[in-house]
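Observations on the three-dimensional arrangement
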Amino acid sequence: MYEVGINHVEDSLEHPPSSAAAECQESIDTVRKEGQSGQTQQERRKRKLPSKFPLLNISRNLVLAYQSLGVVYGDLSTSPLYVYRSIFDGKLQDYQTPEAIFGSFSLIFWTITLIPLLKYVFIVLCADDNGEGGSFALYSLLCRHAKFSLLPNQQAADEELSAYRYGYSGQSTSCLQLKRFLEKHKKSRTVLLIIVLLGACMVIGDGVLTPAMSVISSMSGIKAAAEHLSHDGVLFLSCIILVGLFALQHSGTHRVGFLFAPIVIIWLISIMVIGLYNTVVWNPKVVAALSPYYIVKFFRETGKDGWISLGGVLLSVAGTEAMYADLGHFSAFSMRITFAFVVYPCLVIQYMGQAAFLSKNIDSLPNNFYSSIPDRVYWPVFVIATLAAIVGSQSIITATFSIVKQCNALGCFPRVKIVHTSKHKGQIYVPEINWILMILTLVVAIGFQDTTLIGNAYVIKAPQGGWVSLLFSLVLLAIMLVWHYGTRKKYKYDLHNKVPLKWLLGLGPSLGIVRVPGIGLIYSELVTGVPPIFSHFVTNLPAFHNVLVFVCVKSVPVPHVSSDERFLIGRVGPRPYRMYRCIVRYGYKDAQQDDGNFEDLLIQSLAEFIQMEAVEPQLSSSESPSLDGRMAVISMRILHSSSPLIISDEDFVTCSSIQSSKSQTLQSLRSSYEDENPEVRRRRVRFNLPENPGIDPEVRDELLDLVQAKEAGVAYIMGHSYVKARRSSSFWKKLAVDVGYTFLRKNCRGTAVALNIPHISLIEVGMIYHV
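Residues numbered from 1 in each chain as written. Predicted model: local features only at pLDDT ≥ 70, side-chain atom pairs only at ≥ 80, totals over all residues. Heavy atoms only, no water.

Secondary structure summary: the protein chain contains 30 helices and 12 strands in total. Counting all 771 residues of the protein chain, 55% fall into the buried class. Considering only contacts within the protein chain whose residues lie at least 6 apart along the sequence, 83% involve residues at least 24 apart. Element-wise, carbon and sulfur atoms account for 62% of the exposed surface of the protein chain, whose accessible area totals about 33,400 Å². (Helix = DSSP H or I, 4+ residues; strand = E, 2+ residues; numbered from the N terminus. Buried < 20%, exposed > 50% of the residue type's maximum accessible area, 1.4 Å probe, protein only. Contact = heavy atoms within 4.5 Å. Areas by Shrake-Rupley, 256 points an atom, 1.4 Å probe, with all protein chains shown as cover.)

Written out as structure tokens, the structure reads:
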């Protein structure tokens, strides 16, 4: 049995299949459903059980809940270090009374209750995309259920992915009207993308401000106890701690979470105990301030100045957005139990204790947290606070990595290195972003030198520091928009200038050129048709490989694509042409070709498709109304169990296109290359065609050609493009394309590096795109 999903590509959608083909299609679907009715459906039930019945998987959720304390809630739990001081800074210095203290505590309590607890824990965490969170997860859901994406590379086959229909339900009339409006008006879709990108930029902006804010706040305690230490000394120690924090990120979320979680637990227990102590000793009446009546009384007394102070109140929930952005690193259930039963009560009691202390010690507001600590435990709490401040920066840094990965996968961010640090797919590390964040954080810390000024960068006080956050967000937004614009223009150029298949196939099986031994993998972003780099290559060098595979590495708006659904294989033209198409699909959270065996999987998938095509003749392009053929999903599970080729391992050899050439010159080049580059040697897989007298002769010849081509070597052909605006373009388009996009392309990772393509096997075709 073959587990395949048959789908038309875009060119063939215009021609509906005949009734006979439809019957064959129905029978294939029945076979596929029968094949999946056993183990596959049982596996899916097992995957769904933990989400519906979390108690069945309580041990895993408890481990994730423990890790989330060291990653997600560090920033939120360290906010008591500076919130009261930020509220009463500025114009509220004239309202430092016990009633105002009680009112500010009531504001903090209801802010924490309404935003993190009710909004995020009970509502926002439910709006996930296959377990992933963040603004781009919601945008991906919208792109799946409506044509919101500005990049026209959607395929009907994508809708057959198991993760594609996640969260889908019937749509109301109002939703359908909104969907039609957004699909009809391109400008509305552009505005939607800008809103999503702006939200992502503002979260990343917090990744610059939060570490400086938390660490400098915690280090201020040493100055209160050691008066001889200057402010510059405190700032120097803070910078050292910040450098150490970012240097730890390469260890990954998994290790950092286990390392930091005990610190956060001790910190939360400590501030809760101190809060209880201060409430009982200084002013137990503060419990009454839980009533919202004290909020009304606060604004009645402070007026307009009280409304301006709300920026300081919002610092009490700084880092809350990391709960949603980091959802893919953990699980919604683990984060809910952690916040509701650990973080929330500890924070409320701590803020209550500080209010009780300050109501009797108004003069202690400039150093409110450390002044409220009893002398006997001052230094232990200071050490814990310093460590907790380091942890507090971890949540927003981790969220930044997740956002950058999602933006990159959806074509809205320049290519960067993505390191998956754990078996849990959501846990990643981005080296370039990590060091850029470190530099910017040090600049903010040295530039402002005071937590009050850094706090102004969160609120409406633009002249006093708020301009930093706005400027950084706008610059980052401009980078994302320019990259997305250039990427979209380049794709449309390829789409409008692709080689006509009728003309190409009219040249005959030799394509009018010399066909040399080997496999040529022609990389393109097109999902249909022949890319213009192919004609540009053969125009300058009229020779090509015996087997041609047009490869498209495509990002689908789902978080993960299972290995069984990754390869979409089809044929281009009749059988004698030996031309195929392979669309490799990844989700926006998947690692791309990190396993190093892409060539072997591709060869197995092609062989499986060739043999399957003989059994299911409606797949053949010769009987298809479209010259681009039909495509099938090749299951990795079938490949491992019933591959049409015999697979054997050989000794370690270099991964290159000259690895099995009979040419003495190329053999000597290979030997010298191996000596100079021992790190590129790896175990090679050899394919052999088994003796099977029952196999169709044409199928056997095609499989034999595939095996021989693989033995001759694999070459990767990619376009080395130079994108330029037309002379008639506007000034802003020339600025965006010729300056912005060109600069980003030259200074980001190349496509070959991002796809882990071996350099020695790479052939780049230079092209100029006039967009």
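Extensive coverage of strand S4 (residues 514-523) is indicated by the burial of 7 of its 10 residues. By the bridge criterion, 8 bridges tie S4 to strand S5 (residues 543-555) in an arrangement that is parallel. By the bridge assignment, Val 514 is partnered in S5 with Ala 543. For S4 and strand S11 (residues 714-724), the ladder comprises 4 bridges, and the chain directions are parallel. What sits directly across from Ile 519, in S11, is Val 714. (Pairing = 2+ DSSP bridges.)

Turning our eyes to something else, we now look at the side chain of Thr 302. Mapped onto the elements of the fold, Thr 302 is located in helix H12 (residues 293-302). Given the relative accessible area of 4%, Thr 302 is considered buried.

The backbone of Arg 578 sits at a positive phi, close to 55°, despite the residue not being glycine. When you line up the elements, Arg 578 lands in the loop between strand S6 (567-571) and strand S7 (579-586). Overall, the relative accessible area of 13% leaves Arg 578 in the buried class.

Turning to the pairing of S11, a few remarks are in order. Alignment of S11 against strand S12 (residues 762-770), held across 9 bridges, turns out to be parallel. Opposite Gly 719, over in S12, you have Val 765 as the bridge partner.

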